[in-house]
Structure formats: C-alpha cells, structure tokens
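Given next are the chains, with one letter for each unit.
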Amino acid sequence: MKFFPHTDNDVQEMLRVIGVNSLDDLYAEIPEELKFKGELRLPSAMSESEVRRELQGVANLNDQLVCFAGQGAYDHYTPSVVPYITARSEFSTSYTPYQAEISQGTLQYIFEYQTMMCRLTGLDVSNASMYDGSTATAEAMMMCVAAAKKRRKVVISDTFLPAVMDVVKTYAHFHGVELIVVAAKDGLTDLDAICRLLEGDDIAGVLVPQPNRFGLIESFDGLADACHAHKALLAINTMASALAVLKTPGEWGADIACGDAQSLGIPVSYGGPYIGYLCTTDALIRKMPGRLVGQTVDTEGKRCFVLTMQAREQHIRREKATSNICTAQGVMCLWVACYLSLMGTKGLREVNENSYANAHLLHDRLLETGLFEEAFPGKEFLCEFTLRWKSDKMDVNEMHTALSMEGFLAGVVVCEDCGLIAFTATEERTEDEMDELVEAIKEAAL
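Residues numbered from 1 in each chain as written. Predicted model: local features only at pLDDT ≥ 70, side-chain atom pairs only at ≥ 80, totals over all residues. Heavy atoms only, no water.

Quick look at the pattern of salt bridges
Under the defined criterion, the tally for this structure stands at 15 salt bridges. Residue R16 is joined to E13 by a salt bridge in which the shortest nitrogen-to-oxygen separation is 2.6 Å. Of the two residues, R16 and E13 are both situated in helix α1 (residues 8-18); the distance of 3 residues between them amounts to about one turn of the helix. Residue R16 is classed as exposed on the basis of its relative accessible area, which comes to 55%. In this structure, E439 and K442 form a salt bridge, with 3.5 Å as the shortest nitrogen-oxygen distance. With E439 and K442 both in helix α13 (residues 431-444), this residue pair falls 3 residues apart, about one helical turn. In this structure, a network of salt bridges that share partners links the residues E32, K35 and K37. (Salt bridge = Lys/Arg side-chain N within 4 Å of Asp/Glu carboxyl O. Helix = DSSP H or I, 4+ residues; strand = E, 2+ residues; numbered from the N terminus. Buried < 20%, exposed > 50% of the residue type's maximum accessible area, 1.4 Å probe, protein only.)

Listed below in structure tokens is the structure:
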C-alpha cells in the first residue's frame, strides 16, 4: 500500500543505499541547537466521529456573515447534486489526460465544459482552462500581442476590478507590453478615448469589462469595428453568469472572451479555487494557451474524446511560447459543466432575473435611508451596484466594520476617500435579510 508509512526495514534499506548507518547520521550536519528535543504536541488518537466533532468545533469559530459583497466573487446557489457528481470516480481519471484510453472521464467533462462555454460566450472555441479570471484576462492581453506580432501596446479600461488590473499590469511589465490605461468616464469605459488611441495604428488589442468594477452594464457599440479597422483585437471580460442575460462577447464582435467562471455555481470559499475561462474565434485558436479536447470515435465506432491540440511550445520551447500555462482547473471545469447542465438556459436566466430584482430592491431601500446617494445616476446594473456613503458620524470603512460585527458582509469599499461602496444581492439573499441589513445600517449611523 504505497501511502502507508515506511517500515523499519524500508528505512534501513534507504539508509544503506545512500551510504549512512542511521537517521542520526543522516541529519548530522544540522546543528544540535536547531533540533527539536521535546515531545510533539499531537493529540491522542480519535475515532472518526470524534475527529468530525473536533473539526466542526474549529469551523464554528468562523463568523458566518450574510454576504452582500461581490467585486469578482458572487454568492450564488449551488445545486446539491453538483458536489455529489464531481466526487464520482468516473471523473477522477488521470489528471493529465495524455493517454486517452485511461482518461475518458476527464476528457469528457472538459469537452462538455468547452462546448457550454462556447455557447455562453458566442465564440468558436474554448480552452480548459485558466487559474482564475485575472490570469485569463492577462492571457487575453498576451494573445493580442502574439497575434499582432510587432505591436506591443495594449489598451485597458480603468473600470476593471483592481485585482484583475494588478495581474494584467504584472504580466505586461515582465513581457515587455506597454499597457495604456484609459480613465473611466462617469463610471463607464471611455470609448471615445480608446478610439482616439486606435488611430495611431500601433495598438495590438483592447481590454474592457462587462459589468465593470462599479457593477455597471457597459455598451460596446462600434468598438469591435473600430478595433478591427485598425488591426487590433477586442477582448471582453465578463462575469460568466451574466452572459445568460447580457449581450455576449460574440454578439459585440469581440475576438476574445475571458473572465472568471466562479459565478457559475462555485462556492465563494474564502477566495478559491476559482476558474478562469478563455474563449476565442477560430482564427486565433493557435494563439490560445491551455488545452483543447475534441470528440472522435474509437476502433469500435464508439464516441470518445481526445486531446485535440495543445501548444507544443508550452512544454518544449518555453521561451517561444505565447503562454506557459498548460494546467487546467480540472475539478472546477467539471463543477461548472455540472452546474450549467443542471440549470440550463431557463435556470441560468432565472438566477439573473432574481438577482436583478434583489439588487434593485436593496438599492432603493438603501437610498431611502438617506445615508447613501447615487454614485452614478441613471446607469444600469445587474446584481451589483455602487453607492456613496453620506453620514458625517462615521466613514464608510467604520460603517463596514460595524456591520460585520452585526453579522453582515455589507458590500466592498471601492474608494475610501470618495465614500464609495459596492453592494451585491444575488438570488441567495432574502427580503428579510435585506430588511435586517438596512436596519443595522440605520442603527450603526445613529
């Protein structure tokens, strides 16, 4: 049993092979003052039920806050069957599925994931997959540069989430990409400023978010045409769940769709693991990092799956690779595929409709308190919105901290100096929870 501890004979044989007589001899070069001489603080043996009670006690020390936060991680409901399906052994075949004959479980769910992400984004091909939405966006930037060959400039809207922006900037710095950040205009991407930059005919690509960091729904009318007229690519980062109700990157004419698929039923889980998605057109398939799984038939004519394409440079000629990412978030691909197959088009639309209704209800009730004002009047939002805190008795951070003591993760402070805070209300939030949050805010501001 390969995971059992080594026997005394095993240890002696290994010591003999490396030429020492004992474990003390093995560690002889380590100074005595660095060696631990006491007894290890290990608990006594427990039964399975005792271990479960012990761990549950530790878990109960966590504060279970009602989540009204978003900013890239969204508290959507996960159907109970998803964790069950993802734990089945059929899908636990070889992690790196080079040998198709022993990897059909892995290959099948990757194929299904890719198919559903293509339908969701309106683009031709999907990889499987990136580490998270931030790295997927950075890889989209690198695809733009690789496709443009001699152009090294990429334009990015300042309406991206700060965490995504930081990762893209890091990639750009170490890959010699000149990243041009276009300031927001009234909370939205400044399309006029982007079009003026494109006129220089030296831009490789343009990156824009949907919805943006303030929760606002953007319009990209004419942007793809402007990019293509100047031989630049357009990449749109979209919260994956929102693609069920918003215009898709394919409909906008984008060349690349990227972002985080956490909103497709993956629990918030203190920040991970998540999954970055990356989809593109057929023309850019060889510039896309990651792996592609295709459907074929075996020698008996039965449906089966194989690795169709994977950039060879990612393994051998690393210095010439567009990307060195070749590892998929495998279990997360399976999780998303299960969620999408269970929800279907109707279910995913219903999730967004309920989230929209909850967010707008909370938005109106917060404004009615007189403690907030519109940050971006008249702008459309889906499940997340940004308001400005007005109270003179405490600043926005103090309010946020006070509410955490009352059991609420009450949004995310977007700008401390400006008093901006972003709230999210998905389909998981109830009207009672929203009423309790509003009352807690009123009491905190007294």
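Structural notes on the domain arrangement of the protein chain
Often the size quoted for an interface is simply the accessible area lost on bringing the parts together. When cut into domains, the protein chain gives domain 1 (66-76 + 344-444) and domain 2 (81-338). Each partner contributes to the interface: domain 1 provides 20 residues, whereas domain 2 provides 20 residues. In this assembly, domain 1 packs against domain 2 so that about 1900 Å² is buried in total across both faces, 66% of it on carbon and sulfur atoms. The interface formed by domain 1 and domain 2 holds 5 residue pairs in polar contact (both at pLDDT 80 or more) in total. Elements with a contribution of two residues or more to the side of domain 1 that touches domain 2: α11 (330-368) and β12 (384-389). Among the elements that make up the side of domain 1 that touches domain 2, the one with the highest residue count is α11 (4 residues). Within the side of domain 1 that touches domain 2, the residues separate by chemical class into 10 nonpolar, 5 polar and 5 charged. (Domains from an automatic or database assignment. Contact = heavy atoms within 4.5 Å. Buried area = accessible area lost by both parts, 1.4 Å probe. Polar contact = N/O pair within 3.5 Å; in protein donor to acceptor, adjacent residues only side chain to side chain. Nonpolar A, V, L, I, M, F, W, Y, C, P; charged D, E, K, R; others polar.)

Notes on the nonpolar core
In this structure, Y113, M117, L264, I275, Y277, V336 and L340 are the most contacted members of the largest nonpolar core, which totals 36 residues. If you list the elements that add at least two residues to this core, you get α5 (104-121), β8 (276-280) and α11. With 11 residues, α11 is the largest single contributor of residues to this core. Three or more residues apiece are contributed to this core by two domains, here domain 1 (66-76 + 344-444) and domain 2 (81-338). If we ignore the near neighbours within four places in the chain, the residues touching L264 are M117, L120, A240, S241, W335, V336, Y339, L340 and L348. With 31 residues, the next largest nonpolar core counts M141, A172, A235 and I256 among its residues. (Core = buried A, V, L, I, M, F, W, Y, C linked by side-chain atoms within 4.5 Å.)

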